[in-house]
Amino acid sequence: MRSEGLKVAIVHYWLVNERGGEKVLAALCDLFPEADVYTHVLDGDKTFSFLRGRRVFTSFIQKLPWAVTWYQNYLPLMPLALEQLDLSGYDLVLSSESGPAKGVLTSAGTTHICYCHSPMRYLWDMYHGYLRSAGWLKKVIMVPVFHYLRMWDRLSADRVDHFIANSENVARRIQKHYRREADVVHPPVDLEAFEPSENRQDYYLMVGELVGYKRADLVVRAFQHQDRRLVVVGDGEQMALLKRLAGPNVTLLGRCPAAELRRRYSECRALIFPGEEDFGIVPVEAMASGSPVIAFGRGGALETVREGVSGMFFHEQTEEAVRDALDRFEAVEELFQPEEVRLSVQHFSVERFKGEILERVLRFECL
């Protein structure tokens, strides 16, 4: 079957922010301009340019109180909500999975391909960490609810005809939790939006949502009592903690406009990436800007950062390990040339992503 003329639906978990998952969705929408989009919740106050002129359908979660801000609290209802979406008229369903999206019901003649950013980490590999940090009432609720959600998540994986993972790291998780094989297609990065700068400044940069597993607290602690400067871009639940930890050499910017973020990427000495990510688009954006990356040596960073060419790794999430990595970096900093760093990530382009997805669609449709 050829891709032309297919009736296509794209299912995305929720549309309340524009982050890495939404950049993948934008590329899928560009690849399939006639596709309808289904999601649990859409924030109508946000401008998602890739939805313009397109039919968008939401689940019944959208009609619940404060859905746009409380959507994560409605997680236990999302399996039921997905199953109420009528996708019976489509030839191809593409689910974009990080929150619940793949559990839709499709017809026997429909091919369902899941692009998996990750099996839901709060249900699987991060479950006990979330449980430890929860209050007693939340724990009482979490234990039975997450038990049910794990069973549903595993069973709903059988509704997918073909899995595509965003990294080898995620492909291993899919095999572990779902016992399914997955092709790997790395996410798209708009490389043309970033470029090196000749105006290098004397500070290190960290970018990301300020939540526990991204470990901004580790980096801020590592910069305590240091002469080195750190700029942190992002917001989230750890902001209050970081304000208490930050010394005069640490600047917390919160969220910033895209143009300022691009400038920060291109003028910093290096990006520090201390968390274990599924893939991690932030390091690729920094490297596309010519800036090397100092990353925790686990997860998706191992597939994007080239040791000694575009950055280096530390292998323990400790303050001492971060400081040691900074010392090692500064000893050879002049060896990291911006143009060479930028060239190392050229294969993560949007056009490469769309071509690889289309090749899989054509191949899977012919099976």
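Described in the following lines is the structure provided in the data block. All figures in this text were calculated on a predicted structure; none of them were measured in a lab.

Before going further, it helps to examine the pairing of strand β13 (residues 311–314). Of the two faces of β13, the one holding Gly-311 and Phe-313 and the one holding Met-312 and Phe-314 are both buried throughout. Pairing of strand β12 (residues 293–296) with β13 involves 4 bridges; the strand directions are parallel. Each residue of the ladder has a partner; that of Val-293, found in β13, is Gly-311.

In this structure, Tyr-204, Leu-205, Tyr-265, Leu-271 and Ile-294 are the most contacted members of the largest nonpolar core, which totals 56 residues. Examining the composition of this core, we find that 6 residues originate from one element, helix α10 (residues 281–288), more than from any other. Those residues within four positions of Tyr-265 in sequence are excluded, and the remaining contacts are Phe-194, Arg-200, Leu-205, Val-207, Leu-271, Val-282, Glu-285, Ala-286, Ser-289 and Ser-291. One finds Val-11, Tyr-122, Ala-134 and Trp-152 within the second-largest nonpolar core, a separate group that totals 31 residues.

Turning our attention to the sheet that holds strand β8 (residues 204–207). A sheet is described by the order of its strands in space; here 6 strands give the open sequence β10-β9-β8-β11-β12-β13, paired in parallel fashion. Both outer strands of the open sheet, β10 (250–254) and β13, are each paired with one neighbouring strand and no more. Each strand axis lies, on average, 20° off the axis of its neighbour in the sheet, ignoring direction. Of the strands in this sheet, β8, β9 (230–233), β10 and β11 (270–273) are in contact with helix α9 (residues 258–267), which crosses β8 at around 140°. Contacts between α10 and the sheet are confined to β8, β11 and β12, with β11 contributing the most and set at about 170° to the helix.

We now examine the environment of Asp-183. Mapped onto the fold, Asp-183 is located in strand β7 (residues 182–184). The spacing of Asp-183 and Arg-360 is 177 residues in sequence and 8.6 Å in space, taken between C-alpha atoms. Discounting chain neighbours no more than four positions away, the residues touching Asp-183 are Phe-163, Ile-164, Ala-165, Arg-360, Arg-363 and Phe-364. Among the polar contacts listed, one links the side chain of Asp-183 to the side chain of Arg-360, at a separation of 3.1 Å.

Even without being glycine, Trp-66 reaches a positive phi, approximately 55°. If you trace the backbone, Trp-66 turns up in the loop between β3 (56–58) and α2 (67–70). The exposure class assigned to Trp-66 is exposed, which follows from its relative accessible area of 59%. The phi dihedral of His-225 is positive, around 60°, even though this residue is not glycine. Looking at the element boundaries, His-225 is found in the loop between α7 (216–222) and β9. Classification of His-225 by relative accessible area gives exposed; the value is 81%.

Taken residue by residue, a regular strand's side chains alternate between the two faces of the sheet. Counted residue by residue, strand β5 (residues 111–116) has 6 buried out of 6 residues, so it is predominantly covered. On β5, burial covers both faces: Thr-111, Ile-113 and Tyr-115 on one face and His-112, Cys-114 and Cys-116 on the other are all buried. Sheet topology note: the strand β4 (residues 92–97)/β5 ladder contains 6 bridges and is parallel. The residue of β5 that forms the bridge with Ser-95 is Cys-114. Sheet topology places β5 next to strand β6 (residues 162–165); 4 bridges connect them, and they run parallel. The residue of β6 that forms the bridge with Tyr-115 is Ile-164.

Conventions used here
- Residues numbered from 1 in each chain as written.
- Predicted model: local features only at pLDDT ≥ 70, side-chain atom pairs only at ≥ 80, totals over all residues.
- Heavy atoms only, no water.
- Buried < 20%, exposed > 50% of the residue type's maximum accessible area, 1.4 Å probe, protein only.
- Helix = DSSP H or I, 4+ residues; strand = E, 2+ residues; numbered from the N terminus.
- Pairing = 2+ DSSP bridges.
- Core = buried A, V, L, I, M, F, W, Y, C linked by side-chain atoms within 4.5 Å.
- Contact = heavy atoms within 4.5 Å.
- Axes fitted to C-alpha atoms, helices over the stretch in contact; angles between N-to-C directions.
- Polar contact = N/O pair within 3.5 Å; in protein donor to acceptor, adjacent residues only side chain to side chain.

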